[in-house]
Structure formats: structure tokens, C-alpha cells
Amino acid sequence: MCDVVSRAVNSMPERERGEVLAALAEDAAVAASASPRIAPGFEAMAPSDRAGGRTRLVTVGVAGGPVISNPSRVGVCTAIIHADRMYVVDLGVGSLNRLAALGQRENGGDSSNTFLSLRALFFTHMHSDHCVDWPALYATGTMMANKATDPVQVFGPGRRDTLPRVFPPHRPEPSVIEPDDPTPGIEGMTRYLRKAFAADFNDRARDSNFKIPDDWFDVHDIDHSPHWTVDPAGIPPRLSGPIEVWEDGDVRVTATLVDHHPTAPAYGFRFDTPDGSIVVSGDTTVSENLIDLAHGADYLVHEVIDPAFADRLASILPPDVGPAVREHLLTAHTTVEQVGRDVAEPAGVRNLVLSHIVPSTTPADVLAAAQDGYSGRLIIGEDMLELSV
Ligand SMILES: [Zn+2]
Ligand SMILES: [Zn+2]
């Protein structure tokens, strides 16, 4: 679920709000009784299995949206492990604990060096369900990386050029939060975190020789200016090729602008390793740029929404809001029907992994429909599912 839905729900009269929240709870109950979310034919891939191999993909968290409708699942986060190096895309709500469990396992259980293997973080966009655990890692991470390592490289969107348009269009213009800097990117957000945690950092630096985050994180805005001046509609242009982001030895990271309008810039990332390639979509509707980026990839980790959820919400919300919310959800995200047929198939990817599942309670038999029109292997993402590349 997107922020627009949360706002709509919060603005409703109490009785109607109760109906919507009851519907969300119903989704949670359905999920609790559902079978494990593994596609038919792939039951052997239980979440507890360790894939082994030099290069691996781990869907650390697969829940989409800022609403915790199923507390047993954590927010979206994907890890790519190559040899002793770990690369992470997005840090959704609750994902840091799971990532710590993964880091400790990779380090043989050494909790004093939980993030020893972490080389880089990549944020797809500035929606809170993708970066809300970044403040937690920023403030506490150096205390879990006690051996000397190279700084962790952090990449994400730069500051947006204009505010998004008001939605639905007839709604009065809301007041602007922080008009001096209303659309910070990852560098700006991190600067504000440094201010926000100053008391803690100064305290620990004086009292316990705390390594301050400046020494461990190198934060970079991805410069979108050569490609696009972001307008209020936020629909990106078609790119002629990938955006180079970073090379770390034999791992190359590229990106593209995906279409999560009006939220922008929003990126999908591709990781090319000697063993294979992994693409992570971020939040997007069907995107030709993303299909180009994913061309021939071994794994495509792609977001997905159950359109029946959008219909349910639209039927419960007030009539002046419901249809607009439904349209937003279905034009800024990719449906179960679209993701295999319209994205994975034309991209020619060997494996499609569903993640950022909205709602996170969607049963496996609904998600299995993503196989229709897709000739590759469908894998329904699960928290901490590990796959060999
Ligand atoms: Zn999201
Ligand atoms: Zn989003």
C-alpha cells in the first residue's frame, strides 16, 4: 500500500476508517492461514535453506508499502552476496534486524562484526517503505562493524527538481512541509540524520571512542540531471542505455529510471557478477527502461500488487477518493497479471522473483498467476529466501 492510501484512510471518519482497517486485518488473517508462499513446483526452496555458492540473492524482506498488515513479514530489502561482499537494495521497515541476522551468519556468528561484509547500499526511491531503516543503520551501524573496513558506499536518488502534482487533481494544494528543502535526496536525508542524532554521536564519541558514521558511510546522490529534469507528473523519459553507478572489482552496478509516478526519481538496479546478473525493480509500473535493464538477466526481483486489493480499497473508501486511489495504485505499480507477461517475458529473464508484495498478505495461489504468459521460472519471494546465482 502506498502513502496515498494511508493518507486517505487517516482522513476518513472514524467509522469508515474502522471498516478499512478491518478489511486490512482480514487480509492478514487470510495470509496467516495460507500455505507457505512458494510457487507450485518450487516447494523445495524453503526459506531456511542456504543456497550456497559464491554468488547468492537473498530476499531479506518482501512486504511492500508502509502499512504493517502482517507483522511477521518485514519491509522490502534485497541482498546480493558475491564471495565475501554484500550489496543491499532498500531498507524497509523491520528489515535491519533480518539483515543483521544474515550478516552474522555470513561472518560465522560474530555479532561484533555484523556488517563486516557490507560494501554498498542502494536506495531505489525516497518512499519511507524503502528507506525507513536507514536511520537505524546510520546511527548504530558503526557499532556493529568493529573491524576496519572500507567505507560503505551509499547510493540513492538526488534531490527532486519539483514537487509532485496534487492527487486527486481537484484536491486543494496542501501546505508544503519544509519549504526550504521539500524534496531532499539521500545525501540531504543523511545530513538531517546527522543533525538529528548529534547528541548521541557526540556523547558516544566522547564517552566510548565511537566511530562516527562519517567515517563509515560515503553517501552519494545519483545525478539524474543528464537524463531528466523531474517535472510534477514524474513520468521518466525513455533512456537509451543504463546509468553507470559503481564498480566494485568484478561487480558492476548500473541503474535505470523506472516509472513510479508521480514519485521521482525512482531507480531499478542491475548487478553484473562473473556468475550471473540480478536486477531489482524498485517500485514501478510496467517500465520499458526496466525491461531494457533486465534484458537477459538471470534473476529479476520485481515488485507486484494484487489488483483485487486496489478494488477492495476503492469499494470501501469514500466515493470522491476511492476511484482515484485505485487508479494511483494500479498506474504506479505492476499487477500480478502484468509482471510475468509484460515485464519478465519481454526482458527474457530466466527467473522472476516476486517481492514488494502488496498487500503483504496476498496468498500464494493469487501470486502464482504471474506465471501466465511467462516462460521462465517464477519464484514467489519470502523473507530470507536465498537463491544461488
Ligand atoms: Zn514501496
Ligand atoms: Zn514507492
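Below: a short report on this structure. (Residues numbered from 1 in each chain as written. Chains lettered and ligands numbered in written order. Predicted model: local features only at pLDDT ≥ 70, side-chain atom pairs only at ≥ 80, totals over all residues. Heavy atoms only, no water.)

Re the coordination of the zinc ion (ligand 2)
Point 1. Protein coordination at the zinc ion (ligand 2): the donors are H125 (NE2), H127 (ND1), H260 (NE2) and D283 (OD), at 2.2 to 2.4 Å from the metal.
Point 2. In this structure, the zinc ion (ligand 2) is surrounded by 4 donor atoms whose angles at the metal cover 93 to 165 degrees, and the resulting shape is irregular.
Point 3. In primary sequence terms, the donor set of the zinc ion (ligand 2) follows H-x1-H-x132-H-x22-D.
Point 4. Taken as a pair, the zinc ion (ligand 2) and the zinc ion (ligand 1) show a spacing of 3.3 Å, with D283 coordinating each metal. Highlighted residues: H127 in the loop between β4 (118–122) and α4 (128–131) and H260 in the loop between β8 (251–257) and β9 (267–273), separated in sequence by 133 residues. Accessibility classification places H127 together with H260 in one group, the buried group. (Donors = N, O, S within 2.8 Å, 3.2 Å for Na, K, Ca; no water. Tetrahedral: all angles 85-135°; square planar, octahedral: opposite > 155°, others 65-115°. Helix = DSSP H or I, 4+ residues; strand = E, 2+ residues; numbered from the N terminus. Buried < 20%, exposed > 50% of the residue type's maximum accessible area, 1.4 Å probe, protein only.)

What about the coordination of the zinc ion (ligand 1)?
Point 1. Surrounding the zinc ion (ligand 1) are the protein donor atoms D129 (OD), H130 (NE2), D283 (OD) and H356 (NE2), at 2.1 to 2.2 Å.
Point 2. For the zinc ion (ligand 1), the 4 donor atoms in the first shell make angles of 88 to 168 degrees at the metal, so the coordination geometry reads as irregular.
Point 3. In primary-sequence terms, the residues that donate to the zinc ion (ligand 1) follow D-H-x152-D-x72-H.
Point 4. Residue classification places H130 among the buried residues on the basis of a relative accessible area of 1%.

A few points about the side chain of T59
Point 1. With respect to the secondary-structure elements, T59 resides in strand β1 (residues 55–61).
Point 2. In contact with T59, not counting residues within four places along its chain, are C77, V353, E382, D383, M384 and L385. (Contact = heavy atoms within 4.5 Å.)

As for the packing of aromatic side chains
Point 1. The tally for this structure, following the rule as stated, stands at 15 aromatic pairs.
Point 2. Three or more aromatic residues joined by ring pairs form one cluster here, namely F123, W134, Y138, F197, F201, F210, W216 and F217. (Phe/Tyr/Trp six-rings, centres within 6.5 Å; stacked < 30°, edge-to-face > 60°.)

Section: empty space enclosed by the protein
Point 1. Taken as a whole, this structure holds 5 cavities of 30 Å³ or more when the rule is applied.
Point 2. Roughly 90 Å³ of volume is contained in the largest cavity.
Point 3. As for the largest cavity, its lining consists of 14 residues, and the residues nearest its centre are V76, V280, S281, G282 and H356.
Point 4. Every element with two or more residues in the lining of the largest cavity is listed here: β11 (299–305) and β12 (351–358).
Point 5. Ranked by residue count, the leading element in the lining of the largest cavity is β11, at 3 residues.
Point 6. Of the residues in the lining of the largest cavity, the class split is 4 nonpolar, 7 polar and 3 charged. (1 Å grid on protein atoms, 1.4 Å probe; cavity = no way out; pocket = protein on both sides within 12 Å on 5 of 7 lines; lining within 4 Å. Points joined across faces, edges and corners; volume = space filled by probe spheres on them. Nonpolar A, V, L, I, M, F, W, Y, C, P; charged D, E, K, R; others polar.)

Structural notes on unusual backbone geometry
Point 1. For the bond running from A264 to P265, omega is -5 degrees, close enough to zero to count as cis.
Point 2. Inspection of the secondary structure assignment puts P265 in the loop between β8 and β9.
Point 3. Residue V358 is joined to P359 through a cis peptide bond whose omega torsion reads -10 degrees.
Point 4. Here P359 lies in the loop between β12 and α12 (364–367).
Point 5. The residue A83 is not glycine, and still its phi comes out positive at about 55 degrees.
Point 6. The class for A83 is partly exposed, based on a relative accessible area of 37%.
Point 7. Even without being glycine, H356 reaches a positive phi, approximately 45 degrees.

What to know about the pairing of strand β7 (residues 243–248)
Point 1. Relative to β8, β7 runs antiparallel, the two sharing 5 bridges. Among the inter-strand pairings, W246 is bridged to a residue of β8, identified as V253.
Point 2. Connecting β7 to the next strand, β8, in antiparallel fashion are 2 residues, including G249 with a positive phi near 65 degrees. (Pairing = 2+ DSSP bridges.)

None of the figures reported here should be taken as evidence of function without further support.
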